[in-house]
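# Observations on chain architecture
Residue-level listing of the chains:
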Amino acid sequence: MAILTPLFAFLYHLPQVYKWLLKPYYIASLFMSLAFLAIRKTPGICEHLSTQREDGNSCDFDWREVEILMFLSAIVMMKNRRAITVEQHLGNIILFSKVANVILFFRLDIRLGLLYLTLCIVFLMTCKPPLYMGPEYIKYFSDKTIDEELEKDHRVTWIVEFFANWSPECQSFASVFADLSLKYNCEGLKFGKVDIGRYGEVSKKYKVSTSPLSKQLPSLVLFQGGKEVMRRPQVDKKGRAVSWTFTEENIIREFNLNELYQKSKKLGKSKGEKSEQLAEPAVSPVPEEEEPEAETISAMDTESKKDK
């Protein structure tokens, strides 16, 4: 069962994975992740490599290389237990495959190790994972608009994500937050995002650290009446983020989204009823003003008849 579950999950997401693998970032990452395997198994190249195998076959893994690859598999499985999206699964596999490749290349030849490490650094600085471009009901704030929007209508509840584009966790969480906005966005419950990697003053004001070691990215904050009510992950007295998993189920439960959504829909209905009431007097007919005129005309006719 432990093997079938991830297999079924992979097959279910296969069309989506196929689209990602066609993007330049994932194509380059795939080649870099399989670099050592390709060199060790390619005829014409592997014969010139050193090996510690007793049979002297340099086109096959020795016992130390197998041990490193097995350790890599164990690390990837442990990290993927907390992964919530396919992007995170792929990201963990790519990241730790590159780390294993660095170790294997340095062990094989220090020159190959330096060359591969240089390629990894250049790739990290020049290539970024593709951003989420799917449907969403999310308003993006700047340092000048976030306070104004939160204070605009105190009846509106806001769930705001503080993120940074360079954070892999924020990138993988983008699709989850977008799905939540599609399901729960309404007149009284809205979703927003602000890039604190770009707007440093916002991160200071709302006390969200942008340090990669803080583990506060992403941070979800619930605002009601323009004031913060709760946030995840929580921050302890020492300023350290308490570990929390950003799954859709956890967010719905912790932020009580189902109840918030029902209350927020009532707010939208009350707004619509008030607008209808305000619109009614402007278009109502005035039959009452015509009736007195008719009565006065009939009275004048009877008086004229009596005179005659």
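Residues numbered from 1 in each chain as written. Predicted model: local features only at pLDDT ≥ 70, side-chain atom pairs only at ≥ 80, totals over all residues. Heavy atoms only, no water.

As annotated in an unreviewed UniProt entry, the protein carries the name Thioredoxin-related transmembrane protein 2-B and comes from Triplophysa rosa. Check the Subcellular location (unreviewed entry) section of the UniProt entry for the protein; it says "Mitochondrion membrane". (UniProt positions renumbered as here; feature names shortened; annotations may be inferred.)

Further remarks concern the UniProt feature "transmembrane region" (unreviewed entry) in the protein. According to UniProt, the positions carrying the feature "transmembrane region" (unreviewed entry) are residues 20-39 and 114-134. With 62% helix and 0% strand, the stretch residues 114-134 has end C-alpha atoms that lie 39 Å from each other. (Helix = DSSP H or I, 4+ residues; strand = E, 2+ residues; numbered from the N terminus.)

What follows is about helix H5 (residues 63-80). For H5, with 18 residues, the first-to-last C-alpha span of 26 Å sits near the 26 Å given by 1.5 Å per residue. Among all positions of H5, only Glu65, Ile68, Leu72, Val76 and Asn80 are buried. For H5, the angular spread of the buried residues around the axis is 100 degrees, confining them to a single face. Residues of H5 that are exposed and point over 90 degrees away from its buried face: Trp63, Met70, Phe71, Met77 and Met78. On its buried face, H5 sits against helix H4 (35-41) and helix H6 (86-108). A distance of 3.1 Å separates the backbone nitrogen of arginine 64 from a side-chain oxygen at the start of H5, and that oxygen is part of aspartate 62. (Expected span 1.5 Å × (residues − 1). Buried < 20%, exposed > 50% of the residue type's maximum accessible area, 1.4 Å probe, protein only. Arc of directions from axis to C-beta. Contact = heavy atoms within 4.5 Å. Polar contact = N/O pair within 3.5 Å; in protein donor to acceptor, adjacent residues only side chain to side chain.)

In this structure the tally under the stated criterion is 17 salt bridges. In this structure, arginine 64 and glutamate 67 form a salt bridge, with 2.6 Å as the shortest nitrogen-oxygen distance. Of this pair, arginine 64 and glutamate 67 both sit in helix H5, three residues apart, which is roughly one turn of that helix. For glutamate 228, the salt bridge identified is with arginine 231, shortest N-O distance 2.9 Å. Taking relative accessible area as the criterion, glutamate 228 reaches 39% and is therefore assigned partly exposed. Given a relative accessible area of 12%, arginine 231 falls into the buried group. By sharing partners, the salt bridges in this structure join Arg40, Asp62, Glu65 and Arg107 into a single network. (Salt bridge = Lys/Arg side-chain N within 4 Å of Asp/Glu carboxyl O.)

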